[in-house]
Amino acid sequence: MANQHERSQYTVPPMAMHSATTPCVVRAEGVYLYTEDGRKIIDMASGIAVNALGHCHPKVIAAIEKQAHTLIHAGHNVLYYEPYVTLTEKLIEKTGNKYKLYFSNSGAEANEGAMKLAKYYTHRPVIISMKNAFHGRTMATATITTSNAGYRKYYEPMMPSVYFAEYPYLYRTPYQVVDGKCPKEYMTQFDEIFKKIVDPSMVAAIMMEPIQGEGGYVVPPVEWLQYVREICDKHGICLIFDEVQSGFGRTGELYAWQTLGVEPDIFSSAKGIAGGLPLSAVYGKKEIMDHWTAGAHGGTFGGNPVSCAASLAVLEELYEGGVLENVKKMGEVVRAKMRELQAKYPVIGDVRGVGLMNAIEFVNPENKDPDGKLCAAVQAEALKRDLFLLNCGSEHNNIRLIPPLNVTEDVLETVFAILDEAVAAALKG
Ligand SMILES: Cc1ncc(COP(=O)(O)O)c(C=O)c1O
C-alpha cells in the first residue's frame, strides 16, 4: 500500500505536502514518534512547540477522557461551563491577577483578537509591527508578518495602517554593539517613525514576539524591550506581545514576559497551552479588557471544554510536577551543549535561546552569510539517524530545538550526539 506521503498527493494541495523523506507517523509517546515503516524517531519539534508535555502524556489523556464524558461543547458565547471558568481563574492567578483573558482556537486568531482589542480600546487605527516577525496566516496576521515575503505574496492588498520597525537581531545587526548592549539605533528609530511616518497619537499598538520564533529564535536585549515599554506608556500605545510560541512554560516561566521582566498590555498565547489540543487566548490588562463590550469579539469553538481540561492538566504539571524547573535546568544543558558544538564547528555562527527555546545558526564562516543549504543537510542527516529537527529563520539556516518541556538529560545527550554526527556528515557532503 502507498504510504501517507504518496496518498496525500491526490487529496491535499502542494502547500500542505512535504518531502518523500518526511516521517509518516502512526502514533507517538513522550518524545518519540513511531512511523508506519517501523521507525522510532526522537521528536525535537513537539508539533511546532505544541506538545508541551510530550506526546500523549497520561495526565493530559486522563483529563481529555474525563471531560469527553462530561461535556464536549457548549459554546462560551451563550453558556457558562466548567472547566472554562476554572481555567480563566488559574491563568489569571499565574499572571499576577492583572489581566483578564478570552479564549480562541489558534495563534493567529488570538493575535487577531489582540489587535482588535488594542484598536477597540484606543480608538486608533495603526499597528506597528517588527521586521522578521511571524504572527500567523490570516489576512491581518499575514499583514504584520515579515519573516518571509512568501507568506504575503499574492495576498495584497494587506490590512492598511501597518508600519514596521527594526527588531534587534544582534548577531546580524548593521549597527555597532558595545559590551553586548543594544545599539541606540533600535531605540531612536521610533523618533524617526513618529516624526516622519505616523504620529504616535494614531498608534493603537506596537506588536512583537518577545522572542522571535519563525524569524530565527532571536532574543532581543531586555533594555530594548524596556525602552519600547516606556514609549508605549508615554504615548498611550498598547504594547502587545505575541507569546504563541514563547509562552506556556517554554522559557521557564509561564510566559516569556515574566522571564524577561517586561509587562505587556495585551498578549496572546496558543501552541503548548492545551498540550496538543487547539486552544488559544488573548490576555489584556483588566482596564483594557473591561472596555471590550458584548458582541465586539467572539467565536464558536474558542474555549472548548476538552481543550480547557487538557490545559488545566498541563498547567498543574508545569507548577506542581516541577516542569518549569526542568525547563530552566534543561535549557542550561542545551545551551552548554550548543556552545560545545559551536566550538567544534566554525560553520555554527551563533547559538542562542532562553529556556527550551534554542537555536543553532549555520553560516559561511568566511563572511557570516546564512547557510540554509548546510542547515537542510544537517536536518536530513539527523533524520537518517532518527532525529527530527525543524529549522527557522528567513534563510532557513537555523536549527530550532523545541523539545517537550519535561525532556530529560539522557534524551538531550542522545540528541546532541546525533546532531554532532549529522553536522560532520553534512559537512562531508
Ligand atoms: C509567534 C507565532 N505567532 C503566531 C503563530 C500562528 O499560530 P497558529 O498557526 O496557531 O495560527 C505562530 C505559529 O507558528 C507563531 O510562532
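Structural notes, computed from the coordinates. Everything numeric in this text was worked out from a predicted model, so none of it was measured.

## Section: the site of the ligand
- The immediate surroundings of the ligand are formed by S106, G107, A108, N111, F134, H135, G136, E209, D242, V244, Q245 and K271.
- Backbone polar atom of A108 to an oxygen atom of the ligand: 2.8 Å apart, as the coordinates give it.
- Q245 is positioned such that a nitrogen or oxygen atom in its side chain is 2.8 Å from an oxygen atom of the ligand.
- With the chains in place, 81% of the 390 Å² that the ligand exposes on its own is no longer accessible.
- Examining the composition of the shell around the ligand, we find that three residues originate from one element, helix α5 (residues 107-122), more than from any other.
- For the shell around the ligand, a count of residues per class yields three nonpolar, six polar and three charged.

## A word on the packing of aromatic side chains
- The tally for this structure, following the rule as stated, stands at 15 aromatic pairs.
- Ring geometry for Y99 versus Y283: centroids 6.3 Å apart, planes at 90°, classification edge-to-face. Of the two residues, Y99 is situated in strand β4 (residues 99-104) and Y283 in strand β10 (residues 280-285); the sequence distance between them amounts to 184 residues.
- Looking at Y99, the relative accessible area reads 0%, which means it is buried.
- One aromatic cluster is present, built from ring pairs that chain together Y99, F248, Y255, W257, F267 and Y283.
- In this structure, K94 is placed above the aromatic ring of Y319, and the distance from its NZ or CZ to the ring centre is 4.0 Å.

## Thoughts on the pattern of salt bridges
- Taken as a whole, this structure holds 23 salt bridges when the rule is applied.
- The shortest N-O distance in the salt bridge between E185 and K184 comes to 3.7 Å.
- Here K184 falls in the exposed class, since its relative accessible area comes to 56%.
- Across the salt bridge formed by E361 and R352, the nearest N and O atoms sit 2.9 Å from each other.
- The structure contains a network of salt bridges with shared partners spanning R172, D350, R352 and E361.

## Notes on the sheet that holds strand β1 (residues 25-29)
- Judged by pairing direction, the sheet is mixed, and its four strands sit side by side in the order β1-β2-β3-β13 without closing on themselves. The sheet is open, and its two borders are formed by β1 and β13 (387-388), each paired with just one other strand.
- Pairing geometry for strand β2 (residues 32-35) and strand β3 (residues 40-43), over three bridges, is antiparallel. Looking at β3, one finds that Y34 is bridged to K40.
- Against the sheet, helix α14 (residues 409-428) engages β2, β3 and β13, with an angle of about 100° to β3.

## Describing the nonpolar core
- Judged by nonpolar contacts, the single largest core of 125 residues is most densely connected at M44, F190, I206, M208, W224, I360 and F362.
- With nine residues, the top contributor of residues to this core is α14.

## Side note on helix α7 (residues 185-197)
- Here α7 contains 13 residues, and its C-alpha end-to-end distance of 17 Å stays within 8% of the 18 Å for a straight helix at 1.5 Å per residue.
- Looking at α7, one finds that the buried residues are Y186, M187, Q189, F190, I193 and F194. Taken down its axis, α7 places every buried residue within 150° of arc, on the same side. Exposed residues pointing more than 90 degrees away from the buried face of α7 are listed as K195 and K196.
- Of the surrounding elements, those touching the buried residues of α7 are β5 (126-130), β6 (162-165), β7 (203-208) and α8 (222-235).

## As for unusual backbone geometry
- Between E82 and the following residue, P83, the backbone shows a cis peptide bond with an omega angle of 0°.
- Within the fold, P83 resides in the loop between α3 (58-68) and α4 (84-94).
- Between E156 and P157 the backbone carries a cis peptide bond, its omega angle lying at 0°.
- Here the phi dihedral of D179 falls at roughly 50°; this positive angle occurs in a residue that is not glycine.
- With respect to the helices, strands and loops of the structure, D179 is situated in the loop between β6 and α7.
- Owing to a relative accessible area of 72%, D179 belongs among the exposed residues under this scheme.

## Observations concerning the sheet that holds strand β12 (residues 357-362)
- Read across the sheet, four strands follow the order β11-β12-β15-β14 without closing on themselves; strand pairing throughout is antiparallel. Each having just a single partner strand, β11 (348-354) and β14 (390-392) make up the two edges of the open sheet. The sheet shows a mean angle of 30° between the axes of neighbouring strands, direction not considered.
- Alignment of β12 against strand β15 (residues 398-401), held across four bridges, turns out to be antiparallel.

## Regarding the environment of N398
- If you trace the backbone, N398 turns up in strand β15.
- Between the C-alpha atoms of N398 and P370, which are 28 residues apart in sequence, the distance is 8.6 Å.
- For N398, the contacting residues outside a window of four places in its chain are Y169, G216, R352, A359, I360, E361, C375, L390, N391, C392 and G393.
- A distance of 2.9 Å separates the side chain of N398 from the side chain of R352, its partner in a polar contact.
- Within polar-contact distance, the side chain of N398 engages the side chain of N397 at 3.2 Å.

## Some thoughts on the pairing of β5
- Counted residue by residue, β5 has five buried out of five residues, so it is predominantly covered.
- Residue alternation in β5 divides its side chains into two sets, V126, I128 and M130 and I127 and S129, and both sets are buried.

Thresholds, definitions, all that
- Sequence positions are assigned chain by chain, starting from 1 and proceeding in written order.
- Totals for whole chains, interfaces and linings use every residue, but because this is a predicted model, local features are given only for residues with pLDDT of at least 70 and side-chain atom pairs only at 80 or more, for both listing and counting.
- Processing note: side-chain calculations cover all non-hydrogen atoms of the structure and skip hydrogens and water entirely.
- Any residue with a non-hydrogen atom lying within 4 Å of a molecule or strand is treated as near it.
- Any pair of nitrogen or oxygen atoms within 3.5 Å is treated as a polar contact; in protein, a donor-acceptor pairing is required on top of that, and neighbouring residues in sequence qualify only through side-chain atoms on both sides.
- The method behind every accessible area is Shrake-Rupley, applied with a 1.4 Å probe, and residues are considered shielded solely by the protein chains displayed.
- Put simply, DSSP H or I for four residues or longer makes a helix, DSSP E for two residues or longer makes a strand, and each gets a number counted from the N terminus.
- Side-chain classes follow a simple rule in which Ala, Val, Leu, Ile, Met, Phe, Trp, Tyr, Cys and Pro form the nonpolar group, Asp, Glu, Lys and Arg form the charged group, and the remainder, Gly included, forms the polar group.
- Only the six-membered ring of Trp is used, alongside the rings of Phe and Tyr, when aromatic pairs are assigned; centres must lie within 6.5 Å, and planes under 30 degrees apart are stacked while those over 60 apart are edge-to-face, with the rest tilted.
- Type-normalised accessible area, obtained with a 1.4 Å probe on protein chains alone, sets the label of each residue: buried when under 20%, exposed when over 50%, and partly exposed for intermediate values.
- Two thresholds decide whether a charge sits over a ring: the Lys NZ or Arg CZ must be within 6 Å of the ring centre and within 35 degrees of the ring normal.
- Salt bridge, as used here: a side-chain nitrogen of Lys or Arg that lies within 4 Å of a carboxyl oxygen of Asp or Glu.
- DSSP-based pairing: two strands are paired if at least 2 bridges between them are found.
- Contacts are residue-level and defined by heavy atoms, with any inter-residue pair within 4.5 Å sufficient.
- For helices, the fitted axis covers only the stretch in contact; all axes are lines through C-alpha atoms, and the angles between them, taken along N-to-C directions, range from 0 to 180 degrees.
- The term nonpolar core refers to a set of buried residues drawn from Ala, Val, Leu, Ile, Met, Phe, Trp, Tyr and Cys, joined through side-chain atoms within 4.5 Å.
- One less than the number of residues in a helix, times 1.5 Å, gives the span that helix is expected to have.
- The arc in question is the one traced by the directions running from the helix axis out to the C-beta atoms.

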